[in-house]
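# Secondary and tertiary structure notes
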Amino acid sequence: MESLSPWLNGLLFLLAAAAIWWAGTRLERCADTISRRTGLGQAFTGMLLLAVATSLPEVATTVTAVALLDNPTLAVHNLLGGVALQTAILAVADGVKRRRGALTFFSPRFVLLIEGVGLVLLLQLTIAGITARGIPTIFGTSSWLILLLLGYVALMYLVYRYRGQPSWTPTRVDDVPEEVRVEDAGPDEEDRRSTTGLWLLFGGLSLLVLAGGWLATQTAELLAEQTGLGPAFLGATLLAAATSLPEVSTTIAATRNDRYTLAISNVFGSNAFDVGLLFLAEILYRGGTILGHAERSVVFVAAIGSIMTCIYLWGLMERENRTVFRIGLDSAVAVLVYAG
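A quick note: this is a predicted structure, and the numbers were derived from the prediction, not measured. (Residues numbered from 1 in each chain as written. Predicted model: local features only at pLDDT ≥ 70, side-chain atom pairs only at ≥ 80, totals over all residues. Heavy atoms only, no water.)

### Details of the overall build of the chain
Broken down by element type, the chain carries 13 helices and 4 strands. Buried residues in the chain amount to 56% of all 340 residues. Of the contacts made within the chain by residues no fewer than 6 positions apart, 82% connect residues no fewer than 24 positions apart. Carbon and sulfur atoms form 66% of the exposed surface of the chain, whose accessible area is close to 14,200 Å². (Helix = DSSP H or I, 4+ residues; strand = E, 2+ residues; numbered from the N terminus. Buried < 20%, exposed > 50% of the residue type's maximum accessible area, 1.4 Å probe, protein only. Contact = heavy atoms within 4.5 Å. Areas by Shrake-Rupley, 256 points an atom, 1.4 Å probe, with all protein chains shown as cover.)

### Let's talk about the packing of aromatic side chains
As enumerated under the stated definition, the model contains 3 aromatic pairs in all. An aromatic cluster of three or more residues is present, and its members are F105, F106 and Y260. (Phe/Tyr/Trp six-rings, centres within 6.5 Å; stacked < 30°, edge-to-face > 60°.)

### Observations concerning the nonpolar core
Counting residues in each nonpolar core, the largest one holds 61 residues, and the members touching the most others are L80, L155, V275 and L278. Listing elements by their share of this core, those giving two or more residues are helix 2 (42-54), helix 3 (56-68), helix 4 (72-96), helix 5 (110-131), helix 6 (143-161), helix 11 (260-284) and helix 12 (296-318). In this structure L80 touches L123, T126, I130, V275, L278, V298, V301 and A302, once residues within four positions along its chain are discounted. Core analysis: the second largest hydrophobic core is formed by 16 residues, A53, L56, V209 and A254 among them. (Core = buried A, V, L, I, M, F, W, Y, C linked by side-chain atoms within 4.5 Å.)

### A few points about the environment of G118
Considering the arrangement of structural elements, one finds G118 in helix 5. Between the alpha carbons of G118 and G269 there is a distance of 9.7 Å; along the sequence they are 151 residues apart.

### Quick look at helix 4
With 25 residues, helix 4 extends 37 Å from end C-alpha to end C-alpha; this agrees with the ideal 36 Å at 1.5 Å per step. By the largest-angle criterion, V83 marks the main kink of helix 4, which is about 30°. Within helix 4, 21 of the 25 residues are buried, leaving the element largely enclosed by the surrounding structure. (Expected span 1.5 Å × (residues − 1). Bend = angle between axes of the 7 residues up to and from the residue.)

### Here's the deal with the side chain of S265
Along the chain, S265 falls in helix 11. For S265, a relative accessible area of 0% puts it in the buried group. Once residues lying within four places of it in the same chain are set aside, the contact partners of S265 are Q42, A43, G46, M47, L112 and E115.

### Focus on helix 6
Spanning 19 residues, helix 6 covers 27 Å between terminal C-alpha atoms, matching the ideal 27 Å at 1.5 Å per step. S143, L145, L148, G151, Y152, L155, M156 and V159 are the residues of helix 6 that are buried. Buried-residue contacts for helix 6 involve helix 2, helix 5, strand 1 (137-138), strand 2 (141-142) and helix 11.

### Quick word on a nonpolar patch on the surface
On the surface, L8, L11 and L15 cluster together into a nonpolar patch covering about 280 Å² of accessible area. Note on placement: L11 falls in helix 1 (residues 6-38). (Patch = residues over 30% accessible without salt bridge, like charges linked within 9 Å, V, L, I, M, F, W, Y side chains within 5 Å. Salt bridge = Lys/Arg side-chain N within 4 Å of Asp/Glu carboxyl O.)

### A short note on the packing of helix 5 against helix 11
Across the interface, helix 5 lies against helix 11 with an axial gap of 10 Å and an inter-helix angle of 25°. By the criterion of interaxial angle, the relationship of helix 5 to helix 11 is roughly parallel. Taken as a pair, helix 5 and helix 11 cross one another with a handedness that is left-handed. In contact with L112, E115, G116, L119, L122, L123 and T126 of helix 5, helix 11 contributes T261, I264, S265, F268, N271, A272, V275 and L278. Broken down by class, the residue content of the contact of helix 5 with helix 11 amounts to 9 nonpolar, 5 polar and 1 charged. (Axes fitted to C-alpha atoms, helices over the stretch in contact; angles between N-to-C directions. Parallel < 35°, antiparallel > 145°, perpendicular 65-115°, else oblique. Left-handed = near helix turned anticlockwise from the far one by under 90°. Nonpolar A, V, L, I, M, F, W, Y, C, P; charged D, E, K, R; others polar.)

### A look at the pattern of salt bridges
Enumeration according to the criterion identifies 3 salt bridges in this entry. The residue D258 makes a salt bridge to R99 at a minimum N-O spacing of 3.9 Å. Remark: R99 occurs in the loop between helix 4 and helix 5 and D258 occurs in the loop between helix 10 (245-256) and helix 11; sequence separation between them is 159 residues. Of the charged contacts, one joins E318 and R322 as a salt bridge, the two residues approaching to 2.3 Å between their closest N and O atoms. You can call R322 partly exposed: its relative accessible area is 43%.

### Side note on the side chain of T251
Within the secondary structure, T251 is located in helix 10. In this structure the side chain of T251 is engaged in a polar contact, spanning 3.2 Å, whose partner is the side chain of N266. The residues contacting T251, other than those within four sequence positions of it, are I89, L90, A93, A263, N266 and V267. (Polar contact = N/O pair within 3.5 Å; in protein donor to acceptor, adjacent residues only side chain to side chain.)

This is how it looks when you write it as C-alpha cells:
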C-alpha cells in the first residue's frame, strides 16, 4: 500500500469503513438475542460483549500502531480521541429513535449510572497519568495504567452484579412509560438460529470488524505521511471516526429497535474498553511508558469525553424528559460541547 497514491489509499480506507459499518449493524441484533437466551441482560451484554466486539478496530489499531509501527502517539490519540466522538453518537441515536422524548428518559436502569461513573473514573485516572508523564512506574509499567486496569475489572464486576437489580428507580411511578418499565426489550422477533449458530455468527462478524480496523489503521498511517497531517491529528480525527463506526451502527440499530439500555451501555462500555486498551499498549510498547508520548491535545479531548459522559449521567438521573428539536436536553448540551 505504500506505493499507492493518496487517492487509492483513501479509497481503501473508505472500503474498510464500509465493511466495519455493515458488520456492526448485524452485531446488535445478534448480541440482543444472545443476551435474552443466556439471561445476561442488555446492560451487561452491551457493556462487555457488544462493546468488546465493536472495539476490535481499536484493538487492531493499538497492536498495529505500537507493535508494528512503533508509533505510541497514534495509539494513545486514537483510543482517547474516540471517547468524545462515540459519546456524541448518543445524540445521533436520540434523534433517530421512534418514540418522542429524551433517549435517557427511556433508560431508567441503575446499572447505566454505574457504567457512566466508572467511565469518568477511568478517564480521570488517564488524565492524571498523562499529566504525571506516567510516573511512577512499576517494572516498566506506569502505575497509573495499573490502577486503570484494576478500575476496569472492578467496573465489570459491578455491572455484572447489578445487571438485573434496578436498585435506583425514578421518584414518580408514572415517570416511565408502561412499555419500558420492566426492560426496553424491543421487537419480539426471535432469531431461528441455534445458540451455537448465534455465537458463530457473532464471532464471524467480529472478525470482519477486526479486519476492517486493521486495514483502516494501515491506510490512515500512510495518509498521515502522504498528506503531511501527522499521526496525532489523524489519530484523533479520521482514524478515531473510522474505528468508531461499529459503535455508530450498533447504537443506532439498537435505538431504532427500542433497545435503549443496550444502546447507551454499548457506548459507555466501548469507551471504557478503549481507555482500558491503554494498558495493552503499555505492555506492547518497550520504549518506556506510552503516557510519556501523549500530547497536550489528547488531555483536552479526554476531558471533553469525561464532561460529555457527565452530561448524560445528569440526563439519566434528572429524568425530566425535556427535549430540544426532538432530542433530549442532555443530548443537545452534549452536541454543543462536542462542536465547541
